[in-house]
Amino acid sequence: MIQPGFKSRPTYEKLKPDPFAKSNIVIVDTEGSDAFVDLAGAASAEFLARTTVMLDRESASDDAVANKVRATNVGNLWTFPTLETLIARFDSVLAISKMGTRIYAAGREPLIGSVVKTAIGHGVSYTSVYREHRGSLKRRVQCVHCKGYTENVTTNPVRCTHCGLTLLVRDHYSWRIGAFQGVCIDAEKPGEVPETKVDFA
């Protein structure tokens, strides 16, 4: 079901410290916290001192993840109960950030996409955000017909949670909206829908 060859399909590399950044904002979820710990292992004490980690704890059931990040001697650690609250705070932080601030995102694609989308809203190019994928392949999908978003998509096709259409989840991705594209799969022959498969677990 996945269409090969889409140039917009996100690609990721391992996080690396930017030694020239005046300050660093690192946004991670539970899975992405391991990427930060790896980054910290390659970073100087000065780098860590000017770094703030924003942790989405939605999938963390205890303090183990926060303690692991804190053990790196990072300058600041802020935890948030949901990705939505984290992104709201990140947005306000970017509004007062100065030139020389480097942004990092690590974890699941919905988190990375939300971080990049917010950064773009403040004039930051998506290529300037360091990104590393860790954990689930769940996707955030925008229906091209009603423009609604369906979160944590694992199957293809998937039913739009807004308009109810059955969508083919394409590999076409937009950093501007932070989502993959979903297109009605049975537009020409209503009701003729292929078997649903788990493609993004």
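In case you missed it, the structure is sitting above this.
Bear in mind that the values here come from a model prediction, so they are computed numbers and not experimental data.

K.L.:
What is the right way to look at the overall build of the protein in this model?
P.N.:
Along the backbone of the protein there are five helices and 12 strands. A compact globule built from 201 residues should have a C-alpha radius of gyration of about 17 Å, and the protein, at 18 Å, falls within 12% of that. The principal-axis extent of the C-alpha atoms belonging to the protein is close to 60 × 35 × 30 Å. Burial analysis of the protein (201 residues in total) assigns 46% to the buried set. Residue pairs at least 24 apart in sequence account for 69% of intrachain contacts in the protein once pairs closer than 6 positions are excluded. For the protein, the exposed surface amounts to about 10200 Å²; the carbon and sulfur share of it is 52%. Counting 25 positive and 22 negative side-chain charges, the protein places the centres of these two groups 6 Å from one another.

K.L.:
Mind showing me how you'd approach helix α4 (residues 83-96) here?
P.N.:
One turn of the α-helix equals 3.6 residues, which is why residues spaced by three or four share an orientation. With 14 residues, α4 extends 20 Å between its outermost C-alpha atoms, agreeing within 8% with the 20 Å of an ideal straight helix rising 1.5 Å per residue. Residues Leu 83, Leu 86, Ile 87, Phe 90, Val 93 and Leu 94 constitute the buried set of α4. Projection of α4 onto a plane perpendicular to its axis shows the buried side chains occupying an angular sector of 120°, all on one side. Residues of α4 that are exposed and point more than 90 degrees away from the buried face comprise Glu 84, Ala 95 and Ile 96.

K.L.:
Is there a simple way to explain the side chain of Thr 72 in this structure?
P.N.:
Residue position: Thr 72 is located in the loop between α3 (64-70) and β3 (76-80). Looking at Thr 72, the relative accessible area reads 14%, which means it is buried. Polar contacts involving the side chain of Thr 72 include one to the main-chain carbonyl oxygen of Val 69, which spans 2.6 Å. Setting aside its immediate chain neighbours within four residues, Thr 72 contacts Phe 36, Val 37, Ala 40 and Leu 48.

K.L.:
What exactly am I supposed to notice about the environment of Thr 196 here?
P.N.:
Within the secondary structure layout, Thr 196 lies in the loop between β11 (179-184) and β12 (197-198). Residue Thr 196 is classed as partly exposed on the basis of its relative accessible area of 47%. Between the C-alpha atom of Thr 196 and that of Val 158, which follows or precedes it by 38 residues, the distance is 7.6 Å. In contact with Thr 196, not counting residues within four places along its chain, are Thr 155, Asn 156 and Pro 157.

K.L.:
Looking at this structure, how should I read the pattern of salt bridges?
P.N.:
Two side chains that carry opposite charge are able to pair once their charged atoms sit near each other. On inspection of all chains with the given rule, the structure shows 11 salt bridges. In this structure, Asp 171 engages Arg 139 in a salt bridge whose closest nitrogen and oxygen atoms are separated by 2.7 Å. Here the residue Asp 171 occupies a position in strand β10 (residues 166-174), and Arg 139 occupies one in strand β6 (residues 139-143), the gap between them amounting to 32 residues. Of the residues examined, Asp 171 reaches a relative accessible area of 7% and is grouped as buried. For Arg 139, a relative accessible area of 2% gives the class buried. Residues Arg 140 and Glu 151 are paired through a salt bridge, measuring 3.0 Å at the closest nitrogen-oxygen approach.

Analysis parameters
- Residues numbered from 1 in each chain as written.
- Predicted model: local features only at pLDDT ≥ 70, side-chain atom pairs only at ≥ 80, totals over all residues.
- Heavy atoms only, no water.
- Helix = DSSP H or I, 4+ residues; strand = E, 2+ residues; numbered from the N terminus.
- Rg over C-alpha atoms; globule rule 2.2 N^0.38 Å.
- Buried < 20%, exposed > 50% of the residue type's maximum accessible area, 1.4 Å probe, protein only.
- Contact = heavy atoms within 4.5 Å.
- Areas by Shrake-Rupley, 256 points an atom, 1.4 Å probe, with all protein chains shown as cover.
- Lys, Arg positive; Asp, Glu negative; His and termini not counted.
- Charge placed at Lys NZ, Arg CZ, Asp CG, Glu CD.
- Expected span 1.5 Å × (residues − 1).
- Arc of directions from axis to C-beta.
- Polar contact = N/O pair within 3.5 Å; in protein donor to acceptor, adjacent residues only side chain to side chain.
- Salt bridge = Lys/Arg side-chain N within 4 Å of Asp/Glu carboxyl O.

Geometry only, nothing functional implied.
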